[in-house]
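Architecture at a glance
What follows is each chain in one-letter form.
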Amino acid sequence: MKEGKSFEISQHQVLEAYKRVKANQGAGGIDGVNFAEFEKDLTNNLYKIWNRMSSGSYFPLAVKGVEIPKKNGKKRLLGIPTITDRIAQMVVCMNFEPLVEAISCADSYGYRPNRSAIEAVGITRERCWKMAWVVEYDIVGMFDNIDHELLMKAVRKHTDNKWVILYIERALVAPIQMADGTLKERSSGVPQGGVLSPVLANLFMHYAFDLWMRRENPQNPWARYADDGVIHCRSKEEAERLLEKLRTRMQDCKLEIHPEKTRIVYCRSDKYHGRHEHESFDFLGYTFRRRWVKSRQGNFFNGFTPAVSKGAKQSIRDKIREIRMSNKIVPLEKLATAMNPVIRGWTNYFSQYNASEARKTLNFVNLTLVRWIKFRSKSVKRSYGKAFRCLVNIATKSPDLFYHWQIGLKPTMR
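Notes on the structure follow. All figures in this text were calculated on a predicted structure; none of them were measured in a lab.

**Brief notes about the overall build of the protein**
Scanning the protein from N- to C-terminus turns up 16 helices and eleven strands. Dimensions of the protein along its principal axes, counting C-alpha atoms only, are 75 × 60 × 40 Å. The 414 residues of the protein split such that 48% are buried. When contacts within the protein are restricted to residue pairs at least 6 apart in sequence, those whose partners lie at least 24 apart make up 65%. Of the accessible surface of the protein, which amounts to about 21600 Å², a share of 49% is contributed by carbon and sulfur atoms. On the protein, the mean spot of the 69 positive side-chain charges and the mean spot of the 43 negative ones are 11 Å from each other.

**A few points about the packing of helix α4 (residues 83-103) against helix α8 (residues 162-173)**
α8 packs onto α4 with a crossing angle of 130° between their chain directions and a minimal axis gap of 10 Å. In terms of orientation, α4 and α8 fall into the oblique class. The handedness of the crossing between α4 and α8 is left-handed. Contacts from Q89, V91, V92, N95 and F96 in α4 reach W163, V164, Y167, I168 and A171 in α8. Counted by class, the contact of α4 with α8 contains eight nonpolar, two polar and no charged residues.

**A few points about the state of the cysteines**
Across all of its chains, the model carries zero disulfides by this definition. Not part of a disulfide, C105 finds its nearest cysteine sulfur in C253, a span of 14 Å. C267 provides the cysteine sulfur closest to C233, a residue in no disulfide bond, and the two sulfurs are 9.5 Å apart.

**Overview of empty space enclosed by the protein**
To locate leftover empty space, one rolls a probe as large as a water molecule over the atoms. One pass over the structure, following the stated rule, counts four cavities of 30 Å³ or more. Roughly 80 Å³ of volume is contained in the largest cavity. What lines the largest cavity is M53, Y58, P60, D85, A88, Q89, V92, Y167, R170 and A171. For the lining of the largest cavity, the secondary structure elements donating two or more residues are α4 and α8.

**As for unusual backbone geometry**
One non-glycine residue, A226, lies in positive phi territory at about 60°. Of note, A226 is situated in the loop between β6 (222-225) and β7 (228-233). By relative accessible area, which is 4% here, A226 ends up buried.

**Brief notes about the pattern of salt bridges**
Applying the stated criterion across every chain yields a total of 14 salt bridges. K254 is paired through a salt bridge with D147; the nearest N and O atoms lie 3.4 Å apart. Here K254 is found in the loop between α10 (236-252) and β8 (263-266), whereas its partner D147 is found in the loop between α6 (142-145) and α7 (148-158), with 107 residues between them in sequence. Between R321 and D318 there is a salt bridge; the shortest N-O distance is 3.2 Å. Here R321 and its partner D318 are both found in helix α11 (residues 310-325), three residues apart, which amounts to about one turn of the helix.

**A few points about helix α3 (residues 42-55)**
With 14 residues, α3 extends 20 Å from end C-alpha to end C-alpha; this agrees with the ideal 20 Å at 1.5 Å per step. For α3, the full list of buried residues reads N45, L46, I49, W50, M53 and S54. Seen end-on, α3 carries its buried residues on one side only, within an arc spanning 155°. Those residues of α3 that are buried lie in contact with α1 (11-24), α2 (35-38), α4 and α8. Looking at the residues trailing α3, positive phi occurs at G56, about 85°.

Conventions and cut-offs
- Residues numbered from 1 in each chain as written.
- Predicted model: local features only at pLDDT ≥ 70, side-chain atom pairs only at ≥ 80, totals over all residues.
- Heavy atoms only, no water.
- Helix = DSSP H or I, 4+ residues; strand = E, 2+ residues; numbered from the N terminus.
- Buried < 20%, exposed > 50% of the residue type's maximum accessible area, 1.4 Å probe, protein only.
- Contact = heavy atoms within 4.5 Å.
- Areas by Shrake-Rupley, 256 points an atom, 1.4 Å probe, with all protein chains shown as cover.
- Lys, Arg positive; Asp, Glu negative; His and termini not counted.
- Charge placed at Lys NZ, Arg CZ, Asp CG, Glu CD.
- Axes fitted to C-alpha atoms, helices over the stretch in contact; angles between N-to-C directions.
- Parallel < 35°, antiparallel > 145°, perpendicular 65-115°, else oblique.
- Left-handed = near helix turned anticlockwise from the far one by under 90°.
- Nonpolar A, V, L, I, M, F, W, Y, C, P; charged D, E, K, R; others polar.
- Disulfide = S-S within 2.5 Å.
- 1 Å grid on protein atoms, 1.4 Å probe; cavity = no way out; pocket = protein on both sides within 12 Å on 5 of 7 lines; lining within 4 Å.
- Points joined across faces, edges and corners; volume = space filled by probe spheres on them.
- Salt bridge = Lys/Arg side-chain N within 4 Å of Asp/Glu carboxyl O.
- Expected span 1.5 Å × (residues − 1).
- Arc of directions from axis to C-beta.

Structure representation (structure tokens):
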């Protein structure tokens, strides 16, 4: 430890934290400093972070409150720290996350290294074939309502590092500055948008849910992604009992099960076993329900399987439409550059199960491109047919221009 420093934090750690934060990009916080501005005096800025953190005098600024729309028409409040504070949080995260990861359960998939949402979808698919009932649950405002006292109790259980504990506590109580400039104090919750928030939320849920399920309900497999999850049961009666226990457990942990987004679902694949109130559920962008499935031998049968949900279909339509509207006068190549990462990411995720459903949705992209051509070209402005033929010609000459063309979804004349 350097003389005069309270905590042993290396400058190398701060540099590595900066590199990780820079890789994630993101907007600046309340100080208005973006990466370009921060990097004008990079060495000095990183030194200041190290010096303040290692001396114990680092205090984060308020986080920037940004409201984003939710699917239900309501808004979610994000808390965006400054770049400086994100780097400081990353230093803490680099030291604390491995401790949380070491004790995490296999069926916790959200915000974890070497874990993915599509893995959670896959294991849920397999379990639906084996167990006929599912408790689909959602926690009301989990990130906003996590109890600080209970959370810090869990933090101290896994580290006695004084500076890690200190800077987690300071990050938790940093206020939110709203759009009108007012400061909103925080006595609970972890701000969505903070570097530490996913790790802390997972740690809290590890004790509130994961270990509780393992201890009290070992016969019921589950999968959790942050505040969304599914629990598999053998009967409706078992599912009803477990749901009541879950409500009580969350109340004990000062959380609440969402009354509208939580329900008991019958995973029926055989049409002869009667009907039930809920026979489908959405999980991580996929809708699980009874469908016709084609076997490897080419035979069709009824199976309870996932495919891209209506919400996920609408999501890519909205994103593609937004890109088109904001790129009306750019060359087609630039439009492709803007659209391709969205198309590629969406396709790769939703083509994992029932790929044909995802491919149908991508036809919308071609229709969007036709509208773009109609806007750009006076000669086809009033003719959908001419614009479509123009797009076919472009796809024939440049078949790799758009990602969905590369996988066989080029527009063709019929």
